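# Working through the structure, step by step
Spelled out, the chains give:
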Amino acid sequence: MTDTNDAPAMVEAFAHPAGKAATAVPGGAIGWRGVLLHIHIAPSASYEMEELAEGLCVAGRGIVGDRYHAGSGTYSKKPDVREVTLIEQEALDALMRNDPPLQDGVLRLRPGDHRRNLTVRGVPLNHLVGRRFRIGEVILRGGRLNFPCKYLEELLGMPVYLPLYNRSGLNCGIERGGVIRPGDVIELAE
Amino acid sequence: MTARMIMKLRVDTARRVTPRVLHLSLVHPSRPELPAWTPGAHVDLRLPDGRIRQYSLCGDPAERGRYDIAVKREDDGRGGSAWIHGNLRAGDIVHVSAPRNNFPLAENATRHVMVAGGIGVTPFLAMARHLAASGADFTLHCCARSELEAPLLGELRALCGGRLVPWLSAEGRRFDPAVLGRSEPGTHLYACGPQGLLDTVRAHAAGAGWADDRVHVEVFRPTPDLSFKPEPFEARLASTGEVLHVPADRSLLAVLRERGIAMPSSCETGVCGSCVCGYRDGIVIHRDAFIPVRDRQDRLAPCVSRARVSVTLDL
């Protein structure tokens, strides 16, 4: 696929322009407590995602076995944060209700079809750029909002671009590594 | 062209249907349904050493749980089919892309005339099944050396009945393109098989008044063009104005990748259409077998096609 021979330019989450700017701005939801529902990895760019019963997160790298941990993912030209990507189950639920009604009908994404690593519930991802939060023993840093891509539309053959706009999840760096499992509690680390 | 998902599928059955043809039925280890496809579609098999080979799906599109392909061992080929024959067994895992269709049935056709040569019969199995089920008017000419070497002939007979016309050269019946007749409104002509057969069909069609858009040819091999001598050229990116130099010994695709411009690709021999992109001005030397003539004024395949002096890409 789109593997390049050049080493992908990755930056630490709070060194990314979006994450860096957000650390200086107070605010965001507090007092929430979410849960990790699914862990998915893809062995290489374009490969179907595979579900894991537990994932080993390596600080500064990614989830062992995933394309971004291995350096074989799809990369943009600009330096980026992609060690771990998250998406809200609530956003997927909305797609399944066709809310907002942008499509002819509902969009049913099976687990992993969205190609994000972690599916979470009760976690306000759009509030977490520039924030540190905990999944079990692991600490993540929100680096930038994820952005839906045409590539995903093509892979799925589904028009997910517009309905995922502004709720496509969060790209994170791993501050403290460790093992995560579905059911792990997610909360702010501050 | 679009990116396609790659799946790790399991070989459910592997059976030899002729001395040189292996029929593989592929299933997903955990999902009951695979991505949907239409007759004429193919999948890419990604071999462990990175080689990618295209195979037409020859099963039933309504059977959503499996992909059937038939692979002929080409001993003088590039080695992909020999590897498949030598290594794949029931239970093995093979990396397979989601299907793509570069060879679809013409929806508006009132009659379909198909010419298959040897293993080129595979897409027509799926097409004939669909056409027979929908009561469409069709004829399938099937060319092979002998009954024994004609892949899946029994299955074709069952599907097509009298609409199958076998041409077995060992029995003294060589395919005669004159049977294709003159072009008639609503009739579409399809061919898949060895280069010689495709050339014969094309030459007949051109002489008998068939319009280009009613003649469909499936090519899994780039047109051999040994006399082509690549020249260096400049490629300008429309978005940034940046100019990239493409030396004579490198492809435009390779130069774009080196610059960090991620392009999907698959066969990299001008056949699959994965890497096709738009261009604006410049004289392009098209060397692919994918882009229809009508689209060549603004689309090119950077894996094999080049430009005279310079070209501006819609990138």
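Because the structure is predicted, anything quoted here is derived from the model rather than measured.

About the cut-offs
Residues numbered from 1 in each chain as written. Chains lettered and ligands numbered in written order. Predicted model: local features only at pLDDT ≥ 70, side-chain atom pairs only at ≥ 80, totals over all residues. Heavy atoms only, no water. Pairing = 2+ DSSP bridges. Helix = DSSP H or I, 4+ residues; strand = E, 2+ residues; numbered from the N terminus. Axes fitted to C-alpha atoms, helices over the stretch in contact; angles between N-to-C directions. Contact = heavy atoms within 4.5 Å. Salt bridge = Lys/Arg side-chain N within 4 Å of Asp/Glu carboxyl O. Buried < 20%, exposed > 50% of the residue type's maximum accessible area, 1.4 Å probe, protein only. Phe/Tyr/Trp six-rings, centres within 6.5 Å; stacked < 30°, edge-to-face > 60°. Lys NZ or Arg CZ within 6 Å of the ring centre and 35° of its normal. Core = buried A, V, L, I, M, F, W, Y, C linked by side-chain atoms within 4.5 Å. Patch = residues over 30% accessible without salt bridge, like charges linked within 9 Å, V, L, I, M, F, W, Y side chains within 5 Å. Areas by Shrake-Rupley, 256 points an atom, 1.4 Å probe, with all protein chains shown as cover. Domains from an automatic or database assignment. Buried area = accessible area lost by both parts, 1.4 Å probe. Expected span 1.5 Å × (residues − 1). Parallel < 35°, antiparallel > 145°, perpendicular 65-115°, else oblique. Left-handed = near helix turned anticlockwise from the far one by under 90°. Nonpolar A, V, L, I, M, F, W, Y, C, P; charged D, E, K, R; others polar. Polar contact = N/O pair within 3.5 Å; in protein donor to acceptor, adjacent residues only side chain to side chain.

Turning our attention to the sheet that holds strand β6 (residues 93–97) of chain B. Residue and element names in this part refer to chain B. Pairing is antiparallel in the open sheet, where six strands are placed in the order β4-β3-β6-β1-β2-β5. On the outer flanks of this sheet lie β4 (52–56) and β5 (66–72), each paired with one strand and no other. Neighbour-to-neighbour, the strand axes of this sheet turn through a mean angle of 40°, independent of strand direction. Here strand β1 (residues 6–18) runs beside strand β2 (residues 21–27); their pairing, made up of seven bridges, is antiparallel. The partner of Ala 14 across the bridge, within β2, is Leu 24. Of the strands in this sheet, β1, β2, β3 (42–46), β4 and β5 are in contact with helix α1 (residues 80–87), which crosses β5 at around 115°.

What follows concerns the pattern of salt bridges. All names here are of chain B. Within this structure, the stated rule accounts for 28 salt bridges over all chains. Arg 66 is paired through a salt bridge with Glu 63; the nearest N and O atoms lie 3.1 Å apart. Judged by its relative accessible area of 24%, Arg 66 is partly exposed. Of the charged contacts, one joins Glu 242 and Arg 259 as a salt bridge, the two residues approaching to 2.4 Å between their closest N and O atoms.

With that out of the way, let us pick up the packing of aromatic side chains. The full count for this structure, using the stated rule, is six aromatic pairs over all chains. Between A:Phe147 and A:Tyr161, the ring centres sit 6.4 Å apart and the planes meet at 80°, which makes this aromatic pair edge-to-face. Of this pair, A:Phe147 sits in the loop between β8 (138–145) and α4 (150–156) while A:Tyr161 sits in helix α5 (residues 161–164), placing them 14 residues apart in sequence. Under the relative-accessibility criterion, A:Phe147 is labelled partly exposed at 44%. In this structure an aromatic cluster arises from ring pairing among A:Phe147, A:Tyr161 and A:Tyr165. When the ring centre of B:Trp167 is taken as reference, the NZ or CZ atom of B:Arg173 above it lies at 4.3 Å.

Residue and element names in this part refer to chain B. Bridge analysis of strand β14 (residues 277–285) against strand β15 (residues 299–300) gives two bridges, and the strand direction is antiparallel. From the neighbouring strand, Gly 278 faces β15, where its bridge partner is Arg 299. Where β14 and strand β16 (residues 306–313) come together, five bridges link them in antiparallel fashion. Bridged to Tyr 279 within β16 is Leu 313.

Turning our eyes to something else, we now look at the nonpolar core. For soluble globular proteins, nonpolar side chains are generally found buried alongside one another. Counting 37 residues, the largest nonpolar core has B:Leu24, B:Leu26, B:Leu45, B:Tyr67, B:Ile69 and B:Ile84 as the members making the most contacts within it. Broken down by secondary-structure element, the contributors of at least two residues to this core are α3 (89–96) and α4 of chain A together with β1, β2, β3, β5 and β6 of chain B. At four residues, the largest contribution of residues to this core is made by α4(A). If near-sequence neighbours (up to four positions away) are discounted, B:Leu24 is found in contact with B:Val11, B:Thr13, B:Ala14, B:Tyr67, B:Asp68, B:Ile69, B:Val71, B:Ile84 and B:Leu88.

Before going further, it helps to examine the sheet that holds strand β10 (residues 187–192) of chain B. Sheets are built from strands paired through backbone hydrogen bonds, the pairs being either parallel or antiparallel. All names here are of chain B. With parallel pairing, five strands are arranged side by side in an open sheet as β9-β8-β7-β10-β11. Only two strands of the sheet have a single neighbouring strand rather than two, namely β9 (164–168) and β11 (215–218). In this sheet, adjacent strand axes meet at a mean angle of 15° when their direction is disregarded. Looking at chain direction, β10 and β11 are connected through four bridges and run parallel. If you follow Ala 191 over to β11, its bridge partner there is Val 217. Of the strands in this sheet, β7 (111–117), β8 (137–144) and β10 are in contact with helix α2 (residues 122–133), which crosses β7 at around 155°.

Moving on, we get to a nonpolar patch on the surface. Nonpolar side chains collect at one region of the surface, where A:Leu102, A:Phe147, A:Leu162 and A:Tyr165 lie side by side and expose about 390 Å² of accessible area between them. One can find A:Leu102 in the loop between α3 and β6 (118–121).

The next point concerns the domain arrangement of chain B. Residue and element names in this part refer to chain B. Assigned domains within chain B: domain 1 (6–97), domain 2 (111–218) and domain 3 (233–313). The interface is formed by four residues belonging to domain 1 together with five residues belonging to domain 3. Summing the contributions of domain 1 and of domain 3, the shared interface buries around 320 Å²; its carbon and sulfur component is 41%. Across the contact surface, domain 1 and domain 3 share zero salt bridges.

Another point: the pairing of β6(B). Residues and elements named next belong to chain B. Across five bridges, β1 lies against β6 in antiparallel orientation. The partner of Arg 10 across the bridge, within β6, is Ile 93. In the sheet, β3 pairs with β6 via two bridges, with the strands oriented antiparallel. Considered in β6, the bridge of Arg 46 is made with His 95.

Let us now look at α2(B). All names here are of chain B. Its 12 residues place the ends of α2 17 Å apart at the C-alpha level, agreeing with the 16 Å of an ideal helix rising 1.5 Å per residue. Buried residues dominate α2, accounting for nine of its 12 residues. Within α2, the full set of buried residues consists of Thr 122, Pro 123, Phe 124, Leu 125, Ala 126, Met 127, Ala 128, Arg 129 and Leu 131.

Looking now at the environment of A:Gly65. All names here are of chain A. Topologically, Gly 65 is positioned in the loop between β4 (62–63) and α2 (67–70). Among the residues examined, Gly 65 registers a relative accessible area of 37% and is labelled partly exposed. Excluding residues within four positions of it along the chain, Gly 65 makes contact with Ile 41, Ala 42 and Pro 43.

Before going further, it helps to spend a moment on the packing of α2(B) against helix α3 (residues 153–160) of chain B. For any two helices packed against each other, the geometry comes down to the angle between their axes and how far apart the axes lie. Residues and elements named next belong to chain B. Across the interface, α2 lies against α3 with an axial gap of 9 Å and an inter-helix angle of 20°. By the criterion of interaxial angle, the relationship of α2 to α3 is roughly parallel. α3 is crossed by α2, and the crossing has left-handed handedness. Residues Leu 125, Ala 128, Arg 129 and Ala 132 of α2 form the contact with α3, whose own contacting residues are Glu 155, Leu 156, Leu 159 and Cys 160. Looking at the contact of α2 with α3, its residues break down into six nonpolar, no polar and two charged.

With that settled, consider the side chain of B:Ser305. Residue and element names in this part refer to chain B. Along the polypeptide, Ser 305 turns up in the loop between β15 and β16. Taking the relative accessible area as the measure of exposure, Ser 305 reaches 2% and is therefore buried. Separated by 2.9 Å, the side chain of Ser 305 and the backbone nitrogen of Arg 287 make a polar contact. Contacts of Ser 305, omitting those with residues within four sequence positions, involve Leu 252, Val 284, Ile 285, His 286, Arg 287 and Asp 288.

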